[in-house]
Amino acid sequence: MKQHISHESGERALIAAIRSRAGRSGGGGLRLGIGDDCAILRPPAGHEIVVTTDLSLEQVHFRRDWHPPESVGHRCLARGLSDLAAMGSKPLGAFLSIALPPELTIREKGKSWLDRFLDGLLALADQAGVPLAGGDTAQSPSLAARGGMQSGLAAADIVLVGSVKQGRALLRSGARAGDKIYVTGNLGGAAAELLAIGRHPEKFAGAHKMQAGHPHLFPAPRILIASRLASARRIHSAIDVSDGLSTDLAHICEESGVAAEIDAEAIPIHPLALQAELDGWVASALGLALHGGEDYELLFTAAKGVQIPRRVASVEVHAIGQIVARRGRRPSIVLRQRDGKTTALESGGWEHFSAQ
Ligand SMILES: Nc1ncnc2c1ncn2[C@@H]1O[C@H](COP(=O)(O)OP(=O)(O)OP(=O)(O)O)[C@@H](O)[C@H]1O
Ligand SMILES: Cc1ncc(C[n+]2csc(CCOP(=O)(O)O)c2C)c(N)n1
Ligand SMILES: [Mg+2]
């Protein structure tokens, strides 16, 4: 039976409870998990190690009054899995560091906030076949003394270690002029759902379980699609859409020394983004798809002649434009409108430390 956590017994008890819940699923790449000074991972022969780390901060990446704890846990792991997918790699182990105010570890009606956060994180870990192999646990300091409304903020950092066949990782730097640009799934759904949550958080309080139709609360990292694409050896470059298409495509252009043209008509827009435009919440659904971020879809390029299936692992793949040579001071990304006119597409996605 799965244990639930009570705060009374402190850090040791929290770790013991997390340890008892941490699965050992995965491809056998974990030799030693939670319990020692370090975990030991054993990558398959002929593979390279891939590592990524992502912070999930209260008030920046989630709000306790907007996001069910299961969603916070799911999203925390999904961010890292999506980065592994973007490299065409498979997960070996996840490492979770958490700083929590004490009240989030106390059980109310059976489960604490932390129990429910772990429910969400471990359900996705199970599905992705990645063991929780370690982490760190600390108490977040009290802000009440400084006149704050709550005792402290929650933060979680996820480190994911994965592996990829030597020399086969998908890089941002491999795009070439003449490549077609593709994106999986559709865009703008995460930003649209976040808008809806902000308006009526109570309607989303019951979204406890990983389920389709919640692109913001329960995004589906594209690990399987990416590993299929990578094994076909036809992909020149890839990135995941975390900050927004306009910003993430600019990262590919910058790292590859190329420019891009994308067709507004070809961009797959999530139905929730279209609805947000119909409801008058935003001026344009296309704006959400271009700049919204957190869709965790894959953006990749391949040579023009390469046949990319329209559907991979049950997810649609759309061609949205092409990579072109960079010319002097020309803007690096242009957007071709429905009437054929082109405009420069500035990076309008999320950027920390900018006035948002
Ligand atoms: N504080 C830091 N110290 C060292 N390297 C960093 C730091 N922050 C970011 N990087 C590195 O900068 C690169 C880009 O990081 P970034 O976080 O923007 O990745 P991303 O995949 O585009 O976004 P996301 O955070 O949504 O995963 C990565 O190689 C990352 O390891
Ligand atoms: C409460 C709340 N407000 C706003 C957002 C939107 N948001 C936060 S970070 C980010 C980009 C990716 O982050 P990073 O670059 O750190 O990976 C986006 C689109 C949210 N998720 N929650
Ligand atoms: Mg990324």
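For clarity, every value in this text was computed on a predicted model and none was experimentally measured.

With that out of the way, let us pick up the overall build of the protein. Of regular secondary structure, the protein possesses 8 helices and 14 strands. Over its C-alpha trace the protein gives a radius of gyration of 21 Å, about what one expects of a compact globule, namely 21 Å for 356 residues. For the C-alpha atoms alone, the extent of the protein along its principal axes is close to 65 × 55 × 35 Å. Among the 356 residues that make up the protein, the fraction classed as buried is 49%. For the protein, long-range pairs separated by at least 24 residues make up 79% of all intrachain contacts whose partners lie at least 6 apart in sequence.

Take the coordination of the magnesium ion (ligand 3) next. Protein-derived coordination of the magnesium ion (ligand 3) comes from Asp83 (OD) and Asp240 (OD), at a distance range of 2.0 to 2.1 Å. Here Asp83, found in helix 2 (residues 69–86), pairs with Asp240, found in strand 8 (residues 235–240); they are 157 residues apart in sequence, far enough to count as distant. With a relative accessible area of 3%, Asp240 lands in the buried category.

Now for the site of ligand 1. Neighbouring ligand 1 are the residues Asp54, Asp83, Arg172 and Ser242. One of the side-chain N or O atoms of Arg172 is found 2.9 Å from an oxygen atom in ligand 1. Coverage of ligand 1 by the protein chains reaches 33% of its 620 Å² of free accessible surface.

It is the contact of helix 2 with helix 3 (residues 113–128), at a shortest axis distance of 6 Å, that shows an interaxial angle of 40°. By the criterion of interaxial angle, the relationship of helix 2 to helix 3 is oblique. For the pair helix 2 and helix 3, the sense of crossing is right-handed. Every residue of helix 3 that contacts helix 2 at Pro69, Glu70, Val72, Gly73, His74, Cys76, Leu77, Ala78 and Leu81 is listed here: Trp113, Arg116, Phe117, Asp119, Gly120, Leu121, Leu124, Ala125 and Ala128. Of the residues belonging to the contact of helix 2 with helix 3, the class tally is 12 nonpolar, 3 polar and 3 charged.

Turning to the pattern of salt bridges, a few remarks are in order. Under the definition given, this model contains 15 salt bridges. The partner of Asp119 in a salt bridge is Arg21, and the shortest N-O contact between them spans 2.6 Å. Remark: Arg21 occurs in helix 1 (residues 10–21) and Asp119 occurs in helix 3; sequence separation between them is 98 residues. On the accessibility criterion, Arg21 (8% relative accessible area) is buried. A salt bridge links Arg338 to Glu265, with the shortest nitrogen-to-oxygen separation between them at 2.9 Å. Linking Arg338 in the loop between strand 13 (333–336) and strand 14 (342–344) with Glu265 in the loop between strand 9 (258–263) and helix 7 (271–278), this pair joins segments that are 73 residues apart in sequence. Shared partners join several salt bridges into a network, and the residues in it are Arg21, Lys111 and Asp119.

When the UniProt feature table is mapped onto this chain numbering, "binding site: substrate" (unreviewed entry) sits at His61, Glu294 and Trp350. The named residues occupy 290 residues along the chain; their greatest pairwise C-alpha distance, 11.2 Å, places them in one compact cluster. Looking at where Glu294 falls in the secondary structure, it is placed in the loop between helix 8 (285–291) and strand 10 (298–302). A relative accessible area of 17% means that Glu294 is categorised as buried. Of the polar contacts made by the side chain of Glu294, one reaches the side chain of Arg75; its length is 2.8 Å. Within the secondary structure, Trp350 sits in the segment after strand 14.

Another point: the site of ligand 2. Inspection of the region around ligand 2 gives 14 residues, with Val60, His61, Asp243, Glu294 and His352 positioned closest. In the model, an oxygen atom of ligand 2 is placed 3.2 Å from a nitrogen or oxygen of the Arg79 side chain. Within the side chain of Asp243, a nitrogen or oxygen atom sits 2.9 Å from an oxygen atom of ligand 2. In the complex, 87% of the free accessible area of ligand 2, which totals 520 Å², lies under the protein chains.

Moving on, we get to helix 2. The terminal C-alpha atoms of helix 2, which comprises 18 residues, lie 26 Å apart, in line with the 26 Å expected from a rise of 1.5 Å per residue. The element helix 2 is extensively covered by neighbouring structure, given that 18 of its 18 residues are classed as buried. The first or second residue beyond helix 2 is Gly88, which carries a positive phi of 70°.

Thresholds, definitions, all that
- Residues numbered from 1 in each chain as written.
- Chains lettered and ligands numbered in written order.
- Predicted model: local features only at pLDDT ≥ 70, side-chain atom pairs only at ≥ 80, totals over all residues.
- Heavy atoms only, no water.
- Helix = DSSP H or I, 4+ residues; strand = E, 2+ residues; numbered from the N terminus.
- Rg over C-alpha atoms; globule rule 2.2 N^0.38 Å.
- Buried < 20%, exposed > 50% of the residue type's maximum accessible area, 1.4 Å probe, protein only.
- Contact = heavy atoms within 4.5 Å.
- Donors = N, O, S within 2.8 Å, 3.2 Å for Na, K, Ca; no water.
- Near = heavy atom within 4 Å.
- Polar contact = N/O pair within 3.5 Å; in protein donor to acceptor, adjacent residues only side chain to side chain.
- Areas by Shrake-Rupley, 256 points an atom, 1.4 Å probe, with all protein chains shown as cover.
- Axes fitted to C-alpha atoms, helices over the stretch in contact; angles between N-to-C directions.
- Parallel < 35°, antiparallel > 145°, perpendicular 65-115°, else oblique.
- Left-handed = near helix turned anticlockwise from the far one by under 90°.
- Nonpolar A, V, L, I, M, F, W, Y, C, P; charged D, E, K, R; others polar.
- Salt bridge = Lys/Arg side-chain N within 4 Å of Asp/Glu carboxyl O.
- UniProt positions renumbered as here; feature names shortened; annotations may be inferred.
- Expected span 1.5 Å × (residues − 1).

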